[in-house]
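Observations on chain architecture
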Amino acid sequence: MYKTLLHAVLNHPKTAIALGALIQLIALICLPFPPRIYFDLSSISPESHEITATNNLSDRLFGPSDYIVVGVTSTSGSIFEPAAIDYVRHIERTLEALTGVKKEDITSIVSDRAEVVERVGDDVRITPIVGKGYSSEQLASRLRGSRIFRPLVSTDNRSTLILFRIHNPIEGKQIFVATLRDKLDAIATNGFTVTLGGQPVAFAEIERFSQHIFLVLPLALVIIGLIHFEAFRSMQGLVFPLITAVASATIGLAIMTRAGMRLDAFNSAATILIVALTAGHAVQMLKRYCEALDSRRVDGRLAGDRRALSRAAIEESFSTLAPIMTAASCVAALSFASLAIFKIPAIRGFGLFISVGVFAGLAIELTFIPALRLLVSPPALPMDRKVTAWDRLIGRLSRSANPRNAPYILFGWLAAFSICGILASQVEVNNSLDDNLATFTEFRKSERTLNTDFSGANVIYVLFQGSAPDSMTTGEMGMLMRDVQAYLSTVPDIGADASYFDAVQEVGCGFNDDYCKATAGYSSEAVRNFLATYEIGATPGALDDLLTSTKSAALIRVLARTDSSNFVSTLFSELNRRFGTRLPHGVRMMLGGTGATTLSVIES
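Presented here is an overview of the structure given in this document. Source: prediction; values computed, not measured.

With that settled, consider the overall build of the chain. Assigned secondary structure in the chain consists of 22 helices and 12 strands. The C-alpha atoms of the chain give a radius of gyration of 32 Å, which is well past the 25 Å a tight globule of 604 residues would have. Along the three orthogonal principal directions, the C-alpha set of the chain runs to about 115 × 55 × 45 Å. Classification of the 604 residues of the chain by burial places 51% in the buried group. For the chain, the accessible area works out to roughly 28,400 Å², and carbon and sulfur atoms hold 60% of it. Of the side chains in the chain, 55 bear a positive and 56 a negative charge, and the two mean positions are spaced by 10 Å.

This is the structure in C-alpha cells:
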C-alpha cells in the first residue's frame, strides 16, 4: 500500500504538489479573517453537570445569566447627590443603547423598577426610590427601606453598583467589553470613578490575552526552524518540517471552522501543539532521507543522476519510516480524539482540533513532501558529522546506563518519585476564574475593588422550582426563602442577595409592624396578597428576574466576593445540608450561577 502510494506521488510529483497547494489554498480561504478567539460560558460549562443545568434553566425562566457589574464611586461626596444621580442615570442610558442589552435587564438604584414600599396611613404605596424633591439624606433613608436594592449602595453611601445582563454577543466578549469601555470613557465625569467586573469582563480579558497566540506562533516557528537548521545545516532541514507544521495547523483550523467550531482559549493553544507534533514527525522522515542519501555519496559527493539518487533515498526512507510514522500519528491523533467524549465543549474541541491537525500532517508527509523533495535539489553536503555538545550529553547518559549502575539509578528515581508523590498529595484543588489572569492586570485590580468596596462581582443562584403554578407563593416556601437569605447574609464572602420574598416582606411590614420581624410567620394567603399588592403598585415586570409569571419557579440572586471552587463547594454543601430537608413536596432546590462555573469544571 505504501509502495503504491509513493510510486503514484513520485511518478506525478507536479500533480501531487498542485493538489496539495490547492487544498492549502482552500484551507486558507476557509479561515476566518481576521482570526478571532471567542470565550463564552457555554464553551467551558460541562453539559451534564447540575450547575450547568441550573444555569440553562435559569436562562429559560429568568433571562440570561451573564451579568456585568459596574461600580460607580463618588470621590467627593454621597452617591445620592444630584450630580451623582444624574451620572448614574447617564450610565444607565448608555447601557440601554448597547446592542444586546435590554432596559429590563438593568438593575440599579435609578432603574424604573427600583422602588420602595411606603406606609401612608392604613395603606401602602410603592414609589421610585430616587424620586424628585428628596435630599440626599432622604434618598439614603428611602434606600434603606428597600430590601432588594439597598445592597447596591455601600455602607458609606459613596458607591453604588449597576448590574446588567447581556445576551451572548455575536462579535465576542472582547469587542463588546471594549465598546462598553469606550462608551463609558466618553461620558466620564470628574469626581467619579467607574469599575467594571463580572464574568463577561473576565472572558473578554481571556479572549484578549489569548489573541497573543498569533504572536507566539511565529516565534515558535522561528525556534523550531533554528533547531532544525542547527541539526541538518540545510534548507530542507529548515523549511520542509515548517511546511508540514504550518500546513497541518492551517488545514486543521479550516476543517474545525467549517464544522462550526470557533477558536477559544483552549483550542487556540492546540495550534502550537499541532505544529510541534507534525514538525517532529517530519524531522524523523527527513533524517532517514538524509541518512539514505548520505549512504549513496562517494567522498561526500553525489555521483551520477542526483534526481535518481534522491528518488532512491526517498523510497528507502519512505519504506522504512512511513509505517512507523503512520502508527505514531494514529496513536497521537486518536489519543487526542478520545477527548471527544469529554463533557466540556472547549476540551472536546481542543482534542478534535489536534487530532485533525495530526492526521493532516501525516497526509502531507506521505504525499506532498515526497513530491516536493523529489523536485528540489538534494542537500549538497552530508549531515554534519562533528561531535556536538548534544552528542556528548547523550553519550554520557548512555554510558551511565549500564548494569553496574542500575541499582543506583533505580533507587534514585524511586526516591524522586516518592518525594514527588508526597508533594503532589499536598496540592490543594481550588480554582477561580480570576486566577487565569495575572494579579497586576487591570481586570484583577477592578475585581479587587468590586469585592472589597462593593457587594462583589460573582453571581450565584439559588433556584427553586415547583411542580405546579403558585407553588412558590405559599407561606412555607416564602419563609424557607427568607431563612436561606438569612443564612446567606452570615457568610463572610457574600455581599448581597435578593428574591421576590424581599418585596413581600416590604409590603407586609408596610401594613403591619409584626411583619417587620425577622421571624414573622406568613400564611399562603398573606404571601399572595402582599405579592399582588406589590405587582399592582410597582413597575410592570419588576420581579420578572426573580419570579416566573406562573409563580412556579423563584430565584435568589446572590453577589459573592469570590468564585473560588472551594468556597462555592462549601456554600452549596451547607445549603443542601441546612435546607434540603425543608423543601415542600414537589419543590426542588438547584444551585448554580456564573460564579459557580469554576466548580462545575473542576468536578468534571
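The discussion continues.
Using the criterion set out here, one finds 21 salt bridges in the structure. For D40, the salt bridge goes to R262, with nearest N and O atoms at 3.5 Å. In this pair, D40 sits in the loop between α2 (13–30) and α3 (41–44) while R262 sits in the loop between α10 (235–258) and α11 (270–294), placing the two residues 222 residues apart along the sequence. On the accessibility criterion, D40 (11% relative accessible area) is buried. Given the relative accessible area of 39%, R262 is considered partly exposed. A salt bridge links R125 to E118; the nearest nitrogen and oxygen atoms lie 3.3 Å apart. A relative accessible area of 45% means that R125 is categorised as partly exposed. Residue classification places E118 among the buried residues on the basis of a relative accessible area of 19%.

What follows concerns the sheet that holds strand β6 (residues 192–197). Whether parallel or antiparallel, the strands of a sheet pair through hydrogen bonds between backbone atoms. Taken together, the 4 strands give an open sheet; going across it, the order is β2-β5-β1-β6, and neighbouring strands pair in antiparallel fashion. The open sheet has two edge strands, β2 (106–107) and β6, and neither has a second partner. Contacts from helix α7 (residues 173–186) reach β1 (67–74), β5 (159–165) and β6 within the one sheet, and its direction differs from that of β6 by about 175 degrees.

Position of A53 relative to the elements: it lies in helix α4 (residues 50–62). Note on A53: relative accessible area 34%, which makes it partly exposed. Through-space distance from the C-alpha of A53 to that of M590 is 8.6 Å; in sequence the pair is 537 residues apart.

The next subject is the state of the cysteines. Using the criterion set out here, one finds 1 disulfide in the structure. Covalently, C509 is tied to C516 through a disulfide, its sulfur atoms 1.8 Å apart. Looking down the S-S bond of the C509 and C516 bridge, the torsion is 90 degrees, so its handedness is right-handed. Since its relative accessible area comes to 21%, C509 is described here as partly exposed. Looking at C516, the relative accessible area reads 31%, which means it is partly exposed.

This paragraph deals with the packing of aromatic side chains. For the coordinates displayed, the defined rule picks out 13 aromatic pairs. Relative to F530, the ring of F511 has its centre 6.0 Å away and its plane inclined at 20 degrees; by these criteria the two rings are stacked. Of this pair, F511 sits in helix α19 (residues 500–511) while F530 sits in helix α20 (residues 524–537), and the two are 19 residues apart along the sequence. For F511, a relative accessible area of 35% corresponds to the partly exposed category. Residue F530 is classed as buried on the basis of its relative accessible area, which comes to 9%. With a centroid separation of 5.0 Å and an interplanar angle of 85 degrees, the aromatic rings of Y515 and F530 are classed as edge-to-face. Within this pair, whereas Y515 is found in the loop between α19 and α20, its partner F530 is found in helix α20, the two being separated by 15 residues in sequence. The exposure classification of Y515 matches that of F530, with both residues buried. Through a chain of ring-to-ring contacts, three or more aromatic side chains come together here, namely Y500, F501, F511, Y515, Y522 and F530. The ring of F209 is capped by R208, whose NZ or CZ atom sits 4.5 Å from the centre of that ring. It is R262 that lies over the ring of Y38; its NZ or CZ is 3.8 Å from the centre.

Before going further, it helps to examine the pairing of strand β10 (residues 494–498). Along a regular strand, successive side chains alternate from one face of the sheet to the other. In terms of residue burial, β10 counts as a mostly covered element, since 4 of its 5 residues are buried. In this structure, β10 lies alongside strand β11 (residues 553–560), joined through 4 bridges in antiparallel fashion. Within β11, the residue paired with A498 across the bridge is R557.

Another point: unusual backbone geometry. Of note, the phi angle at D470 is positive, near 65 degrees, even though the residue is not glycine. Note that D470 resides in the loop between β9 (458–465) and α18 (475–488). Since its relative accessible area comes to 36%, D470 is described here as partly exposed. Phi angles above zero are rare outside glycine, and K551 is one such case at about 60 degrees. Mapped onto the fold, K551 is located in the loop between α20 and β11.

This part is about the sheet that holds β11. Judged by pairing direction, the sheet is antiparallel, and its 4 strands sit side by side in the order β10-β11-β9-β12 without closing on themselves. Each edge of the open sheet is held by one strand with a lone partner, namely β10 and β12 (588–592). Ignoring which end each strand starts from, the neighbouring axes of this sheet average 20 degrees apart. Looking at chain direction, β9 and β12 are connected through 5 bridges and run antiparallel. Following the sheet pairing, Q465 is matched in β12 by R588. Taken strand by strand, α18 contacts β9, β10 and β11, and its axis lies near 10 degrees from that of β11.

Further remarks concern the nonpolar core. Grouped burial of nonpolar side chains is what soluble globular proteins tend to show. Counting residues in each nonpolar core, the largest one holds 117 residues, and the members touching the most others are F164, F464, Y500, L571, F572 and L575. Element by element, the count of residues in this core is highest for β11, at 7 residues. Leave out the neighbours within four places in its chain, and L575 touches V462, V484, Y487, L488, G580, M589 and L591.

What follows covers the environment of G541. With respect to the helices, strands and loops of the structure, G541 is situated in the loop between α20 and β11. Overall, the relative accessible area of 32% leaves G541 in the partly exposed class. The spacing of G541 and R113 is 428 residues in sequence and 8.0 Å in space, taken between C-alpha atoms.

Definitions and cut-offs
Residues numbered from 1 in each chain as written. Predicted model: local features only at pLDDT ≥ 70, side-chain atom pairs only at ≥ 80, totals over all residues. Heavy atoms only, no water. Helix = DSSP H or I, 4+ residues; strand = E, 2+ residues; numbered from the N terminus. Rg over C-alpha atoms; globule rule 2.2 N^0.38 Å. Buried < 20%, exposed > 50% of the residue type's maximum accessible area, 1.4 Å probe, protein only. Areas by Shrake-Rupley, 256 points an atom, 1.4 Å probe, with all protein chains shown as cover. Lys, Arg positive; Asp, Glu negative; His and termini not counted. Charge placed at Lys NZ, Arg CZ, Asp CG, Glu CD. Salt bridge = Lys/Arg side-chain N within 4 Å of Asp/Glu carboxyl O. Pairing = 2+ DSSP bridges. Contact = heavy atoms within 4.5 Å. Axes fitted to C-alpha atoms, helices over the stretch in contact; angles between N-to-C directions. Disulfide = S-S within 2.5 Å. Phe/Tyr/Trp six-rings, centres within 6.5 Å; stacked < 30°, edge-to-face > 60°. Lys NZ or Arg CZ within 6 Å of the ring centre and 35° of its normal. Core = buried A, V, L, I, M, F, W, Y, C linked by side-chain atoms within 4.5 Å.

Functional significance is not addressed by these values, which are geometric in nature.
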